[in-house]
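Each chain, written out:
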Amino acid sequence: MGGELLTIGAFARASRLSPKALRLYDELGLLRPARVDPHSGYRRYAPAQLERARLVAWLRRLGMPLARIREVCELAPGAAAGAVAAYWAQVEVEVAARRELAAFLVDQLERKDPTMTEHHDGAGPLTLRCAALTDRGLVRPVNQDAAFAGRHLLAVADGCGPQGGPAALAAIEALKPLEDQEPFAADLLAVLEEAALRAHRDAPTGDASTGSTLTALLRAGSRLALLHIGDSRAYVLRDSGLFRITHDHSVVQSLVDEGRLTPEEATTHPQRALLLRSLDAAEDFAPDLELLDARPGERYLLCTDGLTGVVPPEAIQEALAGADTPQQAVAALISHAHEAGAPDNVGCVVADVVNVAEGDEGV
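Quick caveat, the model's predicted, so the values are computed rather than measured.

Rules used throughout
Residues take numbers from 1 onward in each chain, read along the sequence in its written order. For this predicted model, a pLDDT threshold of at least 70 governs which residues receive local features, and a threshold of 80 or more governs which side-chain atom pairs are given and counted, while totals over whole chains, interfaces and linings are taken from all residues. Only heavy atoms go into the side-chain values, all of them from the structure, while hydrogens and water stay out. Confidence per residue, as judged by the predictor, is encoded in pLDDT with a range of 0 to 100. Only heavy atoms matter for contacts: two residues are in contact if any of them lie within 4.5 Å across the pair. What makes a salt bridge here is a side-chain nitrogen of Lys or Arg within 4 Å of a carboxyl oxygen of Asp or Glu, nothing more. In DSSP terms, a helix is any run of H or I states spanning at least four residues, a strand is any run of E spanning at least two, and both are numbered starting from the N terminus. N or O atoms closer than or at 3.5 Å make up a polar contact, with two conditions inside protein: a donor-capable atom paired with an acceptor-capable one, and, for residues adjacent in sequence, both atoms drawn from side chains. Centres within 6.5 Å are what make two rings of Phe, Tyr or Trp a pair, Trp counting through its six-membered ring; a difference in plane orientation under 30 degrees is then read as stacked, over 60 as edge-to-face, and the rest as tilted. Each residue is assigned to one of three classes by its accessible area relative to the maximum for its type, calculated with a 1.4 Å probe on protein chains only: buried under 20%, partly exposed between the two thresholds, exposed over 50%. Axis geometry follows a simple rule: fit a line to the C-alpha atoms, using only the stretch in contact for helices, then measure angles between N-to-C directions, giving values from 0 to 180 degrees. Angular relationships are summarised with four words: roughly parallel below 35 degrees, roughly antiparallel beyond 145, roughly perpendicular across 65 to 115, and oblique for the angles in between. Should the near helix be turned anticlockwise from the far one by less than a right angle, the crossing is termed left-handed; should it be turned clockwise, right-handed. For this classification, Asp, Glu, Lys and Arg are treated as charged, while Ala, Val, Leu, Ile, Met, Phe, Trp, Tyr, Cys and Pro are nonpolar and the rest, including Gly, are polar. Given the number of residues in a helix, its expected span is that number minus one, multiplied by 1.5 Å. Buried Ala, Val, Leu, Ile, Met, Phe, Trp, Tyr and Cys residues that are joined via side-chain atoms within 4.5 Å together make up what is termed a nonpolar core. For two strands to count as paired, DSSP must find a minimum of two bridges between them.

Enquirer: Help me out: how do you make sense of the confidence of the model for the protein in this one?
Expert: Caution applies to low-pLDDT parts of the model: their predicted coordinates are not meant to be read in detail. In this model, the protein carries a mean pLDDT of 88, and residues with pLDDT of at least 70 account for 92%. Low pLDDT (under 50) marks residues 117–124, which in the prediction has 16 contacts with non-local residues, meaning those over four places away or in another chain.

Shown next as structure tokens:
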């Protein structure tokens, strides 16, 4: 490192990094000074270090975490360029997902404001027009997915392990009595959670790898209780687009959340089938619970990962928006999975929220 050494102040001005940031990067081993005075502790930097310092400053402006910046700085220029491009692609995906979530939350909160929208209480003039369909796929020898669609209850379950099929069916059967109970809106979440808890307690325990996902919606009037555990998913299609309203409880999703995988990498990760939560009597019962407000014209989709693992969101939205009926929608979605090779079982439920006056009160 030739040339006259720069004081920390001069180096900070030249690199557009503050002295405070330089001291932090020294402590983290990201940008060590060329010399530290053993008596005064003053840091001095070589002019040759400015290129690395400016790269650090630019990457910080991008919002890149310090640990990732350290990795990029150790790469050759070509590899570093690829790492920056990959990071920014991940940021754009995350921003798009947050934008969709923000739009969904704004819509949901506006619905709770009585000055902005009319609220449908109790039994309400709404019903569900729906369809459910499961398919073995083109590779698996048996079908371990289960699905149910009714005027009040929608549910999908994806079994795993040697007894996965019976586990998924048992989860759906545990919820089916809710279809005929006419639950009150105030009790929706508690009723749905209690039924799912019974399914969890009764889940097979003979094999550690056996369990089931469960994603369900229970309706009373215009209120929808959502219960979710595992990596099956729920979506809602509105005029503003398709919104995913569940979060996967899987190993790969946790790695994406931590920034250690991109969403694209997650689709081919060898541990993509490993769940962090499921219906399994040997594990804690920890579902996500949420209360939603439904409106006429909305279309809901519940599906297993046999669909979302091979069919991109854009194709799912196109299939949902282009189908005249829920029956046509579930058939189109499974057809898309087959076109993509259908390596897994596929389970789908599609439900339209309609006014009772617009159609019958059945499925």
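Enquirer: Explain the pattern of salt bridges to me, please; I cannot follow it from the model alone.
Expert: When their charged atoms lie close together, side chains carrying opposite charge are able to pair. Within the structure shown, the criterion is met by 12 salt bridges. Linked through salt bridges whose partners overlap, the residues forming this network are Asp26, Arg32 and Arg43.

Enquirer: Where do I start with the side chain of asparagine 345 in this structure?
Expert: Mapping asparagine 345 onto the fold places it in the loop between helix 12 (326–339) and strand 14 (346–355). A polar side-chain atom of asparagine 345 sits 2.8 Å from the main-chain carbonyl oxygen of arginine 136. Here the side chain of asparagine 345 touches glutamine 144 through a polar contact of 2.8 Å, landing on its backbone nitrogen. With sequence-adjacent residues up to four places away left out, asparagine 345 is seen in contact with Asp135, Arg136, Arg140, Val142, Asn143, Gln144, Asp145, Thr304 and Gly306.

Enquirer: Can you walk me through the packing of aromatic side chains in this structure?
Expert: For the structure on display, the rule yields one aromatic pair. For the ring pair phenylalanine 11 and tyrosine 45, a centre distance of 4.3 Å and an interplane angle of 10 degrees mean the geometry is stacked. Residue phenylalanine 11 is found in helix 1 (residues 8–15), and its partner tyrosine 45 is found in strand 3 (residues 43–45); the two are separated by 34 residues along the sequence. Using a relative accessible area of 0% as the deciding quantity, one classes tyrosine 45 as buried.

Enquirer: In this structure, what is going on with the packing of helix 1 against helix 3 (residues 50–61)? I would like to understand it.
Expert: What describes two packed helices is the angle between their axes and the distance between those same axes. Their axes nearest at 9 Å, the elements helix 1 and helix 3 cross at an angle of 60 degrees. In terms of orientation, helix 1 lies oblique with respect to helix 3. Read as a crossing pair, helix 1 and helix 3 show a hand that is right-handed. Contact residues: Phe11, Ala14 and Ser15 in helix 1; Leu50, Ala53, Arg54 and Ala57 in helix 3. For the contact of helix 1 with helix 3, the class distribution of residues is five nonpolar, one polar and one charged.

Enquirer: Would you take a moment to explain helix 7 (residues 188–201) for this structure?
Expert: Spacing of three or four residues puts side chains on the same side of an α-helix, whose turn is 3.6 residues. Relative to the 20 Å expected for 14 residues at 1.5 Å per residue, helix 7 spans 20 Å between its end C-alpha atoms, a close match to the ideal helical length. Buried within helix 7 we find Leu188, Leu192, Ala195, Ala196, Leu197, Ala199 and His200.

Enquirer: It is not clear to me how the nonpolar core should be interpreted in this structure. Could you clarify?
Expert: The tendency in soluble globular proteins is for nonpolar side chains to be buried side by side. Core analysis: the biggest nonpolar cluster contains 26 residues, and Ile172, Leu175, Leu192, Leu214, Leu218 and Leu279 have the highest contact counts within it. Elements represented by at least two residues in this core include exactly strand 5 (145–149), strand 6 (153–160), helix 6 (164–175), helix 7, strand 8 (214–220) and strand 9 (223–229). If you tally residues by element for this core, the top one is helix 7, at six residues. Contact partners of leucine 279, with chain neighbours within four places excluded, come to Ala171, Ala196, Ala199, His200, Ala203, Gly211, Ser212, Leu214, Ile229 and Phe285. Of all hydrophobic cores here, the second largest spans 24 residues; its members include Tyr25, Leu30, Leu66 and Ala83.

Enquirer: Help me understand the environment of alanine 351, please; the structure alone is not making it clear to me.
Expert: Mapped onto the secondary structure, alanine 351 falls in strand 14. Separated by 313 residues in sequence, alanine 351 and proline 38 place their C-alpha atoms 72 Å apart.

Enquirer: Would you mind going over the sheet that holds strand 1 (residues 6–7) with me for this structure?
Expert: Consider a sheet: its strands pair through backbone hydrogen bonds, and that pairing is either parallel or antiparallel. Read across the open sheet, the three strands follow the order 1-3-2; overall the sheet is antiparallel. On the outer flanks of this sheet lie strand 1 and strand 2 (35–36), each paired with one strand and no other. In this sheet, strand 3 lies alongside strand 1 in antiparallel orientation, the contact comprising two bridges. Paired with leucine 6 across the two strands is tyrosine 45, which belongs to strand 3.

Enquirer: So what exactly am I meant to see when it comes to the pairing of strand 6 here?
Expert: Within a regular strand, the side chains alternate between the two sheet faces. With seven of eight residues buried, strand 6 is to be regarded as a mostly interior element. As defined by bridge partners, strand 5 adjoins strand 6 across five bridges and the pair is classed as antiparallel. What sits directly across from phenylalanine 148, in strand 6, is alanine 155. Hairpin connection between strand 5 and strand 6: a loop of three residues separates the two successive antiparallel strands.

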